[in-house]
Each structure stands twice: as structure tokens, then as C-alpha cells.
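One letter stands for each residue in the lines below.
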Amino acid sequence: MPLDKGTVERTWAQLSFSYKDKGIITTWNKKAEEVLARKSEDVVGKVWTELLVPEWISWSLSALEKVQFQGEEVALPMVTGDGLHCCVRFVVRKFGRGNCFLFSCGHTPCAETPRQWPLEIRQTEGQGRAAFAACDLPGNEMLLEEEPVYIRPPPSLLHGRPEWDQAWSAAFNQIRAALKPPAGASFASLPEKPLFASTALVRDVLGFATLPESLRSALLGFSFPHPEDPHPLVDVARQLAELCKERLPECKEMDVKLLQVGILVQEMNIFPGGRVFWTLSRINHSCAPNCVFFAAGNRWGLRSLHPISAGEEITISYLGEELLLPTAQRQWLLWRSKCFICGCPRCASEQDPMRDRVCACAGKGPSKWRVVHQPAVWRRQVASTQGRAVALLKEATEFPATGQLECTAEGLWVYGDDEKDPKKSGWALVDGSTLGLGRLIEPVDAPLPGIVDLVVPGRLQSRLRQKALNSRGKIREQMWYDREFEELPDLVAAAKSARGAERGAMPAGFARLDVSSETWSCGCGAKLGLHPKEKELTEVAQRVFAMALQDHPRASAAGVKGLILPEEAFVLAALRLADDAGQLLGRRHWIWQLGLLFALDLDLSLTRYTYMKWDLAFASGTVAMLLEVWDWLASLNLSQDPSYFLHSRASRLAKELERVPSDAGQALFRDLQQQLQDRLSFTPAVSLLPSRDFIPDTLFIAH
Ligand SMILES: C[S@@+](CC[C@H](N)C(=O)[O-])C[C@H]1O[C@@H](n2cnc3c(N)ncnc32)[C@H](O)[C@@H]1O
């Protein structure tokens, strides 16, 4: 597809040479100077083949000879001014046998060794075109960089136009279509909601209508759903196209169907920041991708997450943190925004580990414990440090346990048995963190991972309330979440007691959702029915934890993007929701884990935007939450390293912790701090997901 010269000249590297004059370079623009680190004055007048990697000259010449039409692509390995190599992908414009114009549409990063263009685009069955590795590709490496072909006009384009009168608003607000999930989809039972027109779609229309003809036809070469497709977005695009044709001068002469397709093609292929890319926009989605889209300042590209074998499909994720949602929710989001039902290996799997749930069998603790605290620990009649002591166990003593566990505000307790003298049987505390001590006892066979139980399901909300909430004003109840779980005491008890067993890698006792039958099957042989409250909790949690919350007008006015200003009632209800889900479904369930992420972001925001100061106990809890989410992610075996989701949060927290005053309990805190540092020692391929900024209004008090 030919590209418009005027448009590409602005940003793309451009090289032209004269065939008549034996290949002498006649143009070399600023972008070419930047990509190939060669000044125009050093290049113009030279023969262009001098810029090719010597051993690839004849290969490059024959590749160029094979080009028949304007708009075809060719990848040429070139030497930069610094003596490095990169492979530049050019769109060819040939002008007879006189001159050859080449516009770059991407390049590999400069390196010592000659590079090959990493991928090829091929037609697939059922998923349109897709990208495949052209050779074996290394992991954790930049594969290519690109300039956008097209950028959607900014919101300012819409400011102050005479068309935005009452009649426009009335018609615009009428545009909607029912988001009816297709029958048989995993998300078919999710509630039906309308899809509305947005101002971003109006920008799509104006951007498309004002494009030069040749670039418009280039855009139409990207994928989009058929204009008669029953998808609600297609319907919304048609209604908006009709309105724009009627009301906007730029669209008066345009065909409605063309405007409709213009919206759809942008929506399907656009990347964050409203950019469409020549190559990146041909890459399909996977919920366990092998590459990531990379954006840093004015540079965009593709980075591999793992080594990729030649011929393997290259995939990226169109989702952000939503990757941490269960299958039905991910599929629903992708269907809503990109009009396809994802069938990637993660979605096609029979099981959904995001919905791991406790089975009563998981409540059994290890059967043999060893004292690791010096000089000794007490065993007590009841699970409380106030309880009467029944036995003193010296360091290194090993003792059998019944498997009974009890969770109290002081932490997890195990019931130790004394066969010779039953009077000495009793409860021992596992971790002394609430007393300013470290680990007291450890299982003999399966040491517990190093995380300390500082934040447990049921206590997330009270933790924040104690530390930072303003109790002066009466908090308005949130109507969207009112819990009624009293009818399920047994389950709560089972989930609570199972807490100790939920750690680290998934123990055999965990119930995993068998997607095909919508039941949980446990390693112990139990089959659990669909939890009646899970659906209800999921619906709310999806809104609260997994989707971008609305920008507050004040934040937008201040020009700050993505800020969230929650009401105190909202924050409390969100934490209560996580608490309930954690108690009912266990700590490995996604709602509890996303609740921890939410709470972590709140903590970071509170210390940034209020006068709240860290103290040792609170800061230890924040680190423990981060470490718990990290370990959960690691145990899920997603394609991304947990640091992908957590690195930027962890590094911000590590900096914050330097300000925490030291006092009693320091050993535990230092241990947590060290664990955080250890995880930060690995730099992720990209860290795309920074913490959310919550700007607490007047609702939080300073301590
Ligand atoms: C950015 S484009 C990707 C390239 C596109 N396949 C093409 O033919 O140019 C996004 C569109 O590709 C398709 N797509 C992407 N990932 C897919 C997947 N995992 N399964 C099915 N279709 C997918 C959908 O139609 C989606 O709207």
C-alpha cells in the first residue's frame, strides 16, 4: 500500500539514491541521521551500498531488485556511523529507473553483530495476519523499534468547536448498543451493559477524515471487523459516523461506511497514546505473550520476554493489569474492545488458577514442627499469648502436631501434641512478628516461605482504618457492595484455618477451577460447587480493582493523567470486599490478591500525598503485601516475570522504606526490606505497570 510522502517525511528515516548516478545518495533526513548516527553532509554524495553491511551487499541488492511495486517492504542490514549494525525495514517508493526512495518503517536496535529483521507477517486461519519469528530470537531483548504510521489527534482538537451544541450532545448521548455476549462464550453469563460512543471515537473520525488519501488507504490495510458484523462497537461506530457526516464539515463529503471503518480500524490497531504502527499493529494478542510493547519517551518497540524459536508466533498482550483477571473477564474485555474471543493457551486451558480456592482439606497444617527461636518458646492452653503456658520448648526441639491450625490477631497457631504428657499439649505461635520477634517455629519437612503474616484476609480494611482514615465524618455507605456472608460460617472457618497452608507453590490441597465443568476439583479428590458468592464478588471486584477508575475532573484540570480520587467510603468498601473474598475463597484467589495491590497503592499514595508517616509495623505490612502478590504471581507461571507488574512499585517502596524510623522489631523489618531488595536485583524487560496514584481528598487524616 503506498504511503503518503508528506506524512512519512515528518518522522521516518528517509533515504533516496540515484540509479542514474550509480547509486549516489541524494536525500538523507534528520530521522535517518538519528537512527543510523550519520550526518547528512557525511552521507549525501556517497554511494548508498557503502552503508550496507559488507557481507550482505549482494543479498540486499537482489532483495531490492525483487521489489515490483510502490509500498512493498524490504529489510536491509546497515552499518551505523558508530560502526554498529542494524537492520532497517524500508517501504519502497521507486521512481522509474532514475531514483529509488526508501522510507524506513522500523529498525532493529544497533548492535555489534549483523542483525536480521526478526519477524515476518503471514496470514493465519481465523486470526487474520500474525507475526512469526523469522529466526531464533533471544529472550529479554529489544527486537525492533518503530515510528507510528498514524497518531490519533489529541483531545484538544475537539476544544471549542461550534458543532458541540445542545443538538449534538442530545444526539451523541443517544448513541449506544447493547453489549450482548455471543452465545457459548465463557463470559456469556456476565451482565449485559450498553456500549456508548466516546470522544475518543470522535477523534478517530476527525483524524481519519482529514488524512491524506494515500495514508488513509494505508490505514485501511490494517485489520477491522466487517461493517455488518453484529458486534456492538460496529453498531456504535456506524451511528457515530452518521452523526459526524451530518454535523461535522470535515465529514460532509465522506461516505458513512468509510467513516465507520475509519473508526473501527483505529480502535482495533491503536496502541497506548493513540498510535498505529506498521509492524507492531500486526501482532496478535495472547494472555501469556512472549513479547511486550515497549514505550519510552519518543521511542516505541517490541521486546521479547523469553527466547523464541524460529517460526513461533510472536504475541503481545492488549491488556495491562487486567491480565490478572480470570479467563471469562479477560475474554470479555478483549471481545468488548477488540472484537475477538481470545483462544490463547491460557484462555483455552481447562483450569483457571486465578480462581484457586481453599478446600477444607487445606486447613491441615504440617505434622512435625521444630523450634527455631532462641532460647525457647511457650506452648499455651489456648491460642493466645495471654493463655496459660503449658510447656517450654527449647530451641531445636522437634514436636508432633495434630494438624489443627488457628488464626488469631496475633498470627497463626498450631496445636502441638505431647504423647507422654497430654497436659503439655497446646498451642504454639508460628511467627512472633506482632510481638516484635521473628519466626518462632518452622515445619520440619516443608519450611514456610519467608513471608510474614502481617496482613491477613479480614484485616485489610481495619489496618488502613487504624492508620490513616478520618473517623470524624460519617461515612456514606456504598450501595454497590453490601455483604451478607453470615450464612457461610463453615466456609469462613475453613478458609481461615487453611491460611498457613496457602503459601508459596500451590499445595496439593488447593481447589482449582475446572473451567469446562465450572466446578472446583481438589487434589484431595473433593469436588466443590461453584461458590454462590464468587460471581457476585467478581462482578464488583472487576469494577473496583481491575479497571481504570474514572479520572477526577480536578486531576484532569491539573493536567495529570490517570489520577484517582477515591472517596473514603469507596476505599473502605473496596478493602472490605477484598477481606471478604480472602476469607471466603482464600488468599490465592485473584480478588484477595488484587485487593493487596490496591492496598499497596493506597499506602504509597498516602505517604506521598498526605502527612502520613511510615512506622515500622505499617511499613512491614506494606512490604509483606507486595511480597505476597509477588509470590502469588511467581507461582502462577504467567509468561511475565512478577517484576513486570511489581518492579516499579517495589522500587518506589524500597526508597520510601529508607525513611522508616528504626526501633524495636527492627530485625523483622530489615529482613523484609532485604527480601524486597533481593527481588529488585533483577531488572525486568519493561515495567509497564506503575502504582496507581490515589489522591486522597480531605478524607484521610495525617498521623
Ligand atoms: C492489532 S490487530 C492484530 C493483527 C491482525 N490479526 C491483522 O490481521 O492485521 C488486532 C486484531 O487481530 C485479531 N486478533 C488479535 N489477537 C487475536 C487472538 N488472540 N485471537 C483471535 N484474533 C485475534 C482481532 O481481530 C483483533 O481485532
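Before reading further, recall that the structure is shown in the block above.
Residues numbered from 1 in each chain as written. Predicted model: local features only at pLDDT ≥ 70, side-chain atom pairs only at ≥ 80, totals over all residues. Heavy atoms only, no water.

### Focus on the overall build of the chain
Thinking step 1. Counting its regular elements, the chain contains 20 helices and 27 strands.
Thinking step 2. Out of the 703 residues in the chain, the part that is buried amounts to 56%.
Thinking step 3. Contacts in the chain between residues at least 24 apart in sequence constitute 68% of all its contacts with a sequence separation of at least 6.
Thinking step 4. For the chain, the exposed surface amounts to about 30800 Å²; the carbon and sulfur share of it is 52%. (Helix = DSSP H or I, 4+ residues; strand = E, 2+ residues; numbered from the N terminus. Buried < 20%, exposed > 50% of the residue type's maximum accessible area, 1.4 Å probe, protein only. Contact = heavy atoms within 4.5 Å. Areas by Shrake-Rupley, 256 points an atom, 1.4 Å probe, with all protein chains shown as cover.)

### Some points on the site of the ligand
Thinking step 1. With respect to spatial proximity, 14 residues lie near the ligand, and among them Gln-127, Arg-129, Asn-284, His-285 and Lys-338 are the closest.
Thinking step 2. Here Arg-129 contributes a backbone N or O atom positioned 2.7 Å from an oxygen atom of the ligand.
Thinking step 3. Expressed as a share of its isolated accessible area of 560 Å², the protein-covered part of the ligand is 90%.
Thinking step 4. At the level of elements, helix H9 (256-269) and strand E13 (284-285) are the ones that each hand at least two residues to the shell around the ligand.
Thinking step 5. For the shell around the ligand, the class distribution of residues is four nonpolar, seven polar and three charged. (Near = heavy atom within 4 Å. Polar contact = N/O pair within 3.5 Å; in protein donor to acceptor, adjacent residues only side chain to side chain. Nonpolar A, V, L, I, M, F, W, Y, C, P; charged D, E, K, R; others polar.)

### Concerning the nonpolar core
The tendency in soluble globular proteins is for nonpolar side chains to be buried side by side.
Thinking step 1. Core analysis: the biggest nonpolar cluster contains 128 residues, and Leu-240, Leu-460, Phe-545, Phe-598, Leu-633, Phe-645 and Leu-653 have the highest contact counts within it.
Thinking step 2. Among the elements that line this core, the one with the most residues is helix H18 (residues 616-636), at 13 residues.
Thinking step 3. In contact with Phe-545, not counting residues within four places along its chain, are Ala-574, Leu-577, Ala-578, Ile-591, Leu-594, Gly-595, Phe-598 and Arg-692. (Core = buried A, V, L, I, M, F, W, Y, C linked by side-chain atoms within 4.5 Å.)

### Regarding the packing of aromatic side chains
Thinking step 1. Within this structure, the stated rule accounts for 15 aromatic pairs.
Thinking step 2. Taking 5.4 Å as the distance between ring centres and 85° as the angle between the ring planes, the aromatic pair formed by Phe-17 and Tyr-19 counts as edge-to-face.
Thinking step 3. The class for Tyr-19 is partly exposed, based on a relative accessible area of 28%.
Thinking step 4. Between Tyr-318 and Phe-340, the aromatic rings sit 6.1 Å apart at their centres with planes inclined by 85°, giving edge-to-face as the arrangement. (Phe/Tyr/Trp six-rings, centres within 6.5 Å; stacked < 30°, edge-to-face > 60°.)

### So, the pairing of strand E7 (residues 129-133)
Thinking step 1. By the criterion of burial, E7 is predominantly enclosed, with four of the five residues buried.
Thinking step 2. Here strand E6 (residues 119-123) pairs with E7 via five bridges, running antiparallel. Paired with Glu-120 across the two strands is Phe-132, which belongs to E7.
Thinking step 3. Once E6 ends, the chain turns through five residues before running back antiparallel as E7, passing Gly-126 with a positive phi of about 90°. (Pairing = 2+ DSSP bridges.)

### Some details on the pattern of salt bridges
Side chains bearing opposite charge may pair, as long as their charged atoms lie close to each other.
Thinking step 1. Within the structure shown, the criterion is met by 31 salt bridges.
Thinking step 2. A salt bridge links Glu-321 to Arg-649; the shortest N-O distance between them is 3.0 Å. In this pair, Glu-321 is assigned in the loop between strand E16 (313-316) and helix H10 (327-338) and Arg-649 in helix H19 (residues 642-657), connecting sequence segments 328 residues apart. Taken as a pair, Glu-321 and Arg-649 share a single burial class, namely buried.
Thinking step 3. The shortest N-O distance in the salt bridge between Asp-603 and Arg-463 comes to 3.1 Å. Of this pair, Asp-603 sits in helix H17 (residues 590-609) while Arg-463 sits in helix H12 (residues 460-468); the two residues are 140 residues apart in sequence, bridging distant segments of the chain.
Thinking step 4. Residue class for Arg-463 comes out buried when judged on its relative accessible area of 13%.
Thinking step 5. Where salt bridges share partners, they join Lys-30, Glu-33 and Lys-39 into one cluster. (Salt bridge = Lys/Arg side-chain N within 4 Å of Asp/Glu carboxyl O.)

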